[in-house]
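# Close look at the chain arrangement
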Amino acid sequence: EDWQERSIETVVHVDELRAATPQAYVALWRYLAELDLVKTVKAGERPVDEPLPGLLTDVRAVRVGPLLDFQWHRLLDPAAALSARLYERPGTAVLEVVDPAGGWAAGTYTLEVGDDGHGVCTRTPGATAGVTLPVGVLSGVWLGGGDLRAAGWAGLAVEHTAGALAGLAALLRTAEPPYSGT
């Protein structure tokens with residue numbers, strides 16, 4: 001408890017909050033919000049798509065601090081990485097990956113995703129790429145997070161075929177952004 005001039009100033013610090021179901025998530029936050037004699041609940045290291053504001057009638061009651069996903073990647077083998085994950089929509093994309101560091105990631109790749117969400121990515125030298133992007137940009141979006149559209153605005157991702165950048169972004173996007181609490 002922390003009282004200052006007859007006003008409660010107690011802060012509860014949440015180090016880790018995980019829930020197996022949406023109902024459990026809501027129950028945990030409800031419990032924290034209803035603690036007696038507590039002015040503030042602080043929870044660090046929350047995912048970038050933290051749903052807490054949507055649970056409240058006044059979303060302004062939540063102060064969002066730094067957004068972190070605790071994901072750092074540098075793809076060494078884009079074909080293996082893109083083939084290893086599941087996708088939420090079918091489609092095909094041909095992309096050229098450039099590697100300013102001169103690594104093995106450079107090349108042209110074709111990603112084909114079936115209706116079952118499984119993708120196969122193969123190196124396809126000589127194929128006409130719809131998009132060219134650095135391995136750093138691909139590394140940032142390959143698990144479904146990031147903003148490939150913004151990379152295009154910044155000139156980091158170059159579209160060679162109309163709609164190819166939006167198509168690749170839609171193919172890579174996931175309903176839930178990647179997150180790894182540390």
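Provided above is the structure to which this section pertains.
Anyway, here's the lowdown on the structure attached to this text. Since we're looking at a predicted model, the values are computed, not measured.

Here is what the cut-offs are and how they apply
Residues numbered from 1 in each chain as written. Predicted model: local features only at pLDDT ≥ 70, side-chain atom pairs only at ≥ 80, totals over all residues. Heavy atoms only, no water. Pairing = 2+ DSSP bridges. Helix = DSSP H or I, 4+ residues; strand = E, 2+ residues; numbered from the N terminus. Contact = heavy atoms within 4.5 Å. Axes fitted to C-alpha atoms, helices over the stretch in contact; angles between N-to-C directions. Salt bridge = Lys/Arg side-chain N within 4 Å of Asp/Glu carboxyl O. Buried < 20%, exposed > 50% of the residue type's maximum accessible area, 1.4 Å probe, protein only. Right-handed = clockwise from strand over helix to strand, strands pointing away. 1 Å grid on protein atoms, 1.4 Å probe; cavity = no way out; pocket = protein on both sides within 12 Å on 5 of 7 lines; lining within 4 Å. Points joined across faces, edges and corners; volume = space filled by probe spheres on them. Nonpolar A, V, L, I, M, F, W, Y, C, P; charged D, E, K, R; others polar.

## Structural notes on the sheet that holds strand β5 (residues 91–98)
- Strand order across the open sheet formed by five strands is β7-β6-β5-β8-β9, with mixed pairing between neighbours. Either end of the sheet is taken by a strand with one partner, and the two such strands are β7 (119–123) and β9 (158–159).
- Helix α6 (residues 164–172) contacts β5, β6 (107–113), β8 (131–134) and β9 of the sheet and is inclined by roughly 105 degrees relative to β5.

## Thoughts on the pairing of β5
- Of the strand pairs in this sheet, β5 and β6 are connected by seven bridges, and their pairing is antiparallel. Paired with valine 97 across the two strands is glycine 107, which belongs to β6.
- Bridge count for β5 against β8 is four bridges, and the pairing is parallel. Counted as the bridge partner of glutamate 96 is threonine 132 from β8.

## Let's talk about the pattern of salt bridges
- Summed over all chains, the structure comprises six salt bridges.
- A salt bridge links arginine 60 to aspartate 58; its shortest N-O distance comes to 3.1 Å.
- Looking at arginine 60, the relative accessible area reads 64%, which means it is exposed.

## Quick notes on the pairing of strand β3 (residues 11–14)
- What you see with β3 is a clean split: Val12 and Val14 sit on the buried side and Val11 and His13 on the side with no burial.
- Strand direction decides the pairing type here: β3 and strand β4 (residues 40–43), joined by four bridges, are parallel. Bridging across to β4, valine 14 finds its partner in alanine 43.
- What joins β3 to β4 is helix α1 (residues 22–33), and the crossover it makes is right-handed.

## Some points on the layout of surface pockets
- One number sums up the size of the largest pocket: a volume of about 870 Å³.
- Taken together, 31 residues line the largest pocket, and the ones lying closest to its centre are Trp29, Val41, Leu52, Val62 and Arg63.
- Looking at the lining of the largest pocket, the elements with two or more residues in it are α1, β4 and α2 (52–55).
- At five residues, α1 tops the list of elements feeding residues into the lining of the largest pocket.
- A per-class count over the lining of the largest pocket returns 19 nonpolar, three polar and nine charged.
- Space inside the second largest pocket adds up to approximately 380 Å³.
- Around the second largest pocket, the lining comprises 15 residues; the ones closest to its centre are Tyr25, Arg46, Pro47, Pro51 and Glu176.
- A per-class count over the lining of the second largest pocket returns nine nonpolar, one polar and five charged.

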